[in-house]
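One letter stands for each residue in the lines below.
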Amino acid sequence: LPYTLLLLLAQFTAGCAAAVLYVQLRGGFEAAFIRVCSWLTISGAALTALTALAIEQQTRVEAYPLDPDVIAPARGVALALLLFSLVFAFFLRRPDEAFLTTATGTTTAALGGVLLVLLASLVRLPAWSIAGPLLTLVAGSLALGMSTVAMVWGHWYLVNPRLDEEPLVELTLITTGVLMLELIAVAINAIMPVGAPVDSNALLAIDLPQNPAFWLRVGIGTLWRFFDRHGITRKKRPRTPPSRRAS
């Protein structure tokens with residue numbers, strides 16, 4: 001469970017860091033919204049660092065082999081991610097420091113990416129390649145980050161209903177594209193042969209075609225979210241004013 005929690009928290013933190021950097025660089029979003037979202041990265045980074053420091057270095061969890069040499073550098077990167085997320089939030093409150101705001105935000109997002117690479121290496125041993133878990137972690141991270149930031153921005157319309165709909169539609173479109181990437185990652189990892197079989201007596205340690213958890217992952221975890229975001233995008237797409245329509 002601690003390793004699963006570490007993977008989930010790292011994905012959330014890295015995804016939020018990338019999403020916050022995107023909305024900050026794009027512009028068109030309220031400064032208060034960006035500052036609020038930066039605290040999502042901070043909270044995720046704090047929990048990630050605490051989890052990374054608390055787990056023990058193990059060569060395997062039950063029947064699943066791990067690379068324990070990755071734990072120490074992952075801890076260092078998690079602490080650096082927490083530090084830079086705090087610095088980024090500080091500079092977001094200083095509009096006169098645009099360069100340092102962008103630099104610290106970019107560094108935070110980059111550290112999130114490095115952490116995902118390290119964790120992919122941690123669980124790579126039974127996989128067909130490190131590319132398998134890395135693609136899964138990156139796609140899941142972007143899906144978590146973009147959907148969370150888009151959800152917060154959607155609620156921002158309750159505070160100011162006169163906000164332009166275009167940024168929300170754009171975030172929803174990006175989230176939809178990321179969900180497609182996540183589906184592709186699931187398909188690739190399901191098709192590719194494993195590097196080393198894991199002999200486990202766990203309840204769901206069965207072949208994928210008979211595994212209900214796999215189909216829930218594909219159906220509810222990816223496809224349902226994709227069509228849900230696609231439907232929202234079609235409903236929220238700004239209409240072209242009659243004066244701008246081609247005659």
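Within any chain, residue numbers begin from 1 and follow the written order of that chain's sequence. Thresholds applied to this predicted model are a pLDDT of at least 70 for local features of residues and 80 or more for the giving and counting of side-chain atom pairs; totals over whole chains, interfaces and linings are not thresholded and use all residues. Values reported for side chains reflect all heavy atoms of the structure, with hydrogen atoms and water molecules removed beforehand.

Draft legend 1. Structural detail: the overall build of the protein chain. Within the protein chain, the secondary structure is distributed over seven helices and two strands. Traced from its N-terminal end to its C-terminal end, the protein chain shows the element sequence α-α-β-β-α-α-α-α-α. Accessibility here uses a 1.4 Å probe with only protein chains present; expressed as a share of the type maximum, an area under 20% marks a residue as buried, one over 50% as exposed, and anything in between as partly exposed. Classification of the 247 residues of the protein chain by burial places 39% in the buried group. Whether two residues are in contact is decided by their heavy atoms, any of which lying within 4.5 Å being enough. Put simply, 76% of the contacts in the protein chain that link residues at least 6 apart link residues at least 24 apart. In these tables, accessible area is a Shrake-Rupley quantity obtained with a 1.4 Å probe, and a residue counts as shielded only by the protein chains included in the view. When the accessible surface of the protein chain is totalled, it reaches about 13500 Å², and 67% of it is carbon and sulfur. Working definition: helices are DSSP H or I runs of at least four residues, strands are E runs of at least two. Numbering for both runs from the N terminus.

Draft legend 2. Highlighting the environment of Leu5. Tracing the backbone through its elements, the reader meets Leu5 in helix H1 (residues 2–26). Look at Leu5 and you get partly exposed, because its relative accessible area is 40%. The spacing of Leu5 and Ala52 is 47 residues in sequence and 9.5 Å in space, taken between C-alpha atoms.

Draft legend 3. Structural detail: the side chain of Gln11. Relative to the helices and strands, Gln11 is located in helix H1. For Gln11, a relative accessible area of 10% translates into the label buried. Filtering out sequence-adjacent residues up to four positions away, Gln11 remains in contact with Leu116, Thr136, Leu137, Gly140, Ser141 and Leu144.

Draft legend 4. Representation of the packing of aromatic side chains within the structure. Stacked, edge-to-face and tilted are the three classes for Phe, Tyr and Trp ring pairs, Trp counted by its six-membered ring, which pair at centre distances within 6.5 Å; planes under 30 degrees apart are stacked, over 60 edge-to-face, the rest tilted. This model, assessed by the stated rule, comprises six aromatic pairs. Between Phe90 and Phe91, the aromatic rings sit 5.3 Å apart at their centres with planes inclined by 70 degrees, giving edge-to-face as the arrangement. A residue is classified by how much of its surface remains accessible, and Phe90, at 45% relative accessible area, is partly exposed. Residues Trp153 and Tyr157 carry aromatic rings whose centres are separated by 5.7 Å and whose planes lie at 70 degrees to one another, so their mutual orientation is edge-to-face. With Trp153 and Tyr157 both in helix H5 (residues 131–159), this residue pair falls four residues apart, about one helical turn. Through a chain of ring-to-ring contacts, the aromatic side chains of Phe29, Phe33, Trp153, Trp156 and Tyr157 assemble into a single cluster.

Draft legend 5. Quick peek at the nonpolar core. If you look at the biggest cluster of nonpolar residues, it comprises 24 residues, and the most contacted ones within it are Tyr3, Leu115, Leu119 and Leu122. Only H1, helix H2 (31–54), helix H3 (71–92) and helix H4 (98–122) provide two or more residues apiece to this core. For this core, the leading source of residues is H4, giving seven residues. The nonpolar core is taken to be a set of buried Ala, Val, Leu, Ile, Met, Phe, Trp, Tyr and Cys residues, with the residues joined through side-chain atoms within 4.5 Å. In this structure, Ile34, Trp156, Leu163 and Leu168 belong to the second largest nonpolar core, which totals 19 residues.

Draft legend 6. Here's a closer look at the pattern of salt bridges. For salt bridges, the criterion is a side-chain nitrogen of Lys or Arg within 4 Å of an Asp or Glu carboxyl oxygen. Applying the stated criterion across every chain yields a total of two salt bridges. The partner of Arg26 in a salt bridge is Glu170, and the shortest N-O contact between them spans 2.7 Å. Here the residue Arg26 occupies a position in helix H1, and Glu170 occupies one in helix H6 (residues 166–191), the gap between them amounting to 144 residues. In this structure, Asp67 and Arg124 form a salt bridge, with 2.9 Å as the shortest nitrogen-oxygen distance. Within this pair, whereas Asp67 is found in the loop between strand S2 (64–65) and H3, its partner Arg124 is found in the loop between H4 and H5, the two being separated by 57 residues in sequence.

Draft legend 7. Local environment of the packing of H1 against H3. Remark: H1 packs on H3, axes separated minimally by 12 Å, with the N-to-C direction vectors making an angle of 35 degrees. Note on packing geometry: the crossing formed by H1 with H3 is left-handed. Contacts between H1 and H3 involve Tyr3, Thr13, Val20 and Gln24 on the former and, on the latter, Ile71, Leu81, Phe88 and Leu92. Side-chain classes follow a simple rule in which Ala, Val, Leu, Ile, Met, Phe, Trp, Tyr, Cys and Pro form the nonpolar group, Asp, Glu, Lys and Arg form the charged group, and the remainder, Gly included, forms the polar group. Of the residues assigned to the contact of H1 with H3, the class counts are six nonpolar, two polar and no charged. To get an axis, fit a line to the C-alpha atoms, keeping to the stretch in contact for a helix; angles then go from 0 to 180 degrees between the N-to-C directions. Two helices cross in a left-handed way if the nearer one is turned anticlockwise from the farther one by less than a right angle. They cross in a right-handed way if the turn is clockwise.

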